[in-house]
Amino acid sequence: MGVAIEVLKRLVSRPVTTKYPDAPPETPEGLRGKVEWNRETCIWCKMCEMNCPANAISIDKEKKIWSIDTAKCIFCGRCNEVCPTKPKSVYLTKKIELATERKENLRDVYEEHHSQEKGQKEQKT
Ligand code: SF4
Ligand code: SF4
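Now for a look at the structure at hand.

Conventions used here
- Residues numbered from 1 in each chain as written.
- Chains lettered and ligands numbered in written order.
- Predicted model: local features only at pLDDT ≥ 70, side-chain atom pairs only at ≥ 80, totals over all residues.
- Helix = DSSP H or I, 4+ residues; strand = E, 2+ residues; numbered from the N terminus.
- Buried ≥ 20, exposed ≤ 12 C-beta atoms within 10 Å, placed from the backbone.
- Contact = placed C-beta atoms within 7 Å.
- Near = placed C-beta within 6 Å.
- Nonpolar A, V, L, I, M, F, W, Y, C, P; charged D, E, K, R; others polar.
- Pairing = 2+ DSSP bridges.

**Some points on the overall build of the protein chain**
Along the backbone of the protein chain there are 3 helices and 6 strands. Moving toward the C terminus, one meets the helices and strands of the protein chain in the order α-β-α-β-β-α-β-β-β. When each of the 125 residues of the protein chain is scored for burial, the buried share is 15%. When contacts within the protein chain are restricted to residue pairs at least 6 apart in sequence, long-range pairs at least 24 apart make up 61% of them.

Below, the structure written as structure tokens:
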């Protein structure tokens, strides 16, 4: 009897499976995805770099270079917590599709007055 009730319930309930990757994944509130940075609000205080437990963030204050190695990032959100600006200059997005064939592609280097460079092999700091 219990099985019959369960079958009837499943017949009228929404499927638990999703259409991903054909449709975008449903992301829960508070999901911690790829870390990004806003050059417009950053005050170059280096708090994010100093507090990152994975040493994923590198900043050259003089050359105005901010970079992150997402291959090292553990998505803890500490950089966002300690960033003093409002709005936060470093923040976690809901981007979770980060797979790549080369680890170097996960390094994002932002230089002031220049467009973002992807996949830098050498650290600039
Ligand atoms: S989320 Fe955590 S590990 Fe990733 S860059 Fe920020 S502080 Fe570092
Ligand atoms: S903590 Fe925020 S303001 Fe300070 S350097 Fe990092 S991103 Fe910029």
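**Digging into the environment of isoleucine 65**
Locating isoleucine 65 in the fold gives a position in strand 3 (residues 65-69). For the pair formed by isoleucine 65 and valine 109, sequence separation is 44 residues and the distance between their alpha carbons is 7.0 Å.

**Considering the site of ligand 1**
Taken together, 14 residues sit near ligand 1, with Cys52, Cys73, Cys76, Arg78 and Cys79 positioned nearest. Of the residues belonging to the shell around ligand 1, the class tally is 12 nonpolar, 1 polar and 1 charged.

**Considering the pairing of strand 3**
Looking along a regular strand, one sees side chains alternate from face to face of the sheet. Relative to strand 3, strand 2 (residues 57-60) is paired through 4 bridges, and the arrangement is antiparallel. When the sheet's bridge partners are listed, isoleucine 59 is paired in strand 3 with tryptophan 66. Joining the antiparallel neighbours strand 2 and strand 3 is a turn of 4 residues, in which lysine 64 adopts a positive phi near 55 degrees. Relative to strand 5 (residues 107-111), strand 3 runs antiparallel, the two being bridged by 5 bridges. Residue pairing across strands places isoleucine 68 opposite aspartate 108, the latter belonging to strand 5.

**Re the environment of glutamate 112**
The topology assignment puts glutamate 112 in the loop between strand 5 and strand 6 (117-118). Given 11 C-beta atoms within 10 Å, glutamate 112 falls into the exposed group. Note: C-alpha distance between glutamate 112 and arginine 39 (73 residues apart in sequence) is 7.3 Å. Excluding residues that lie within four positions of it along the chain, glutamate 112 makes contacts with Arg39 and Lys64.

Bear in mind that shape data such as this cannot, by itself, settle questions of function.
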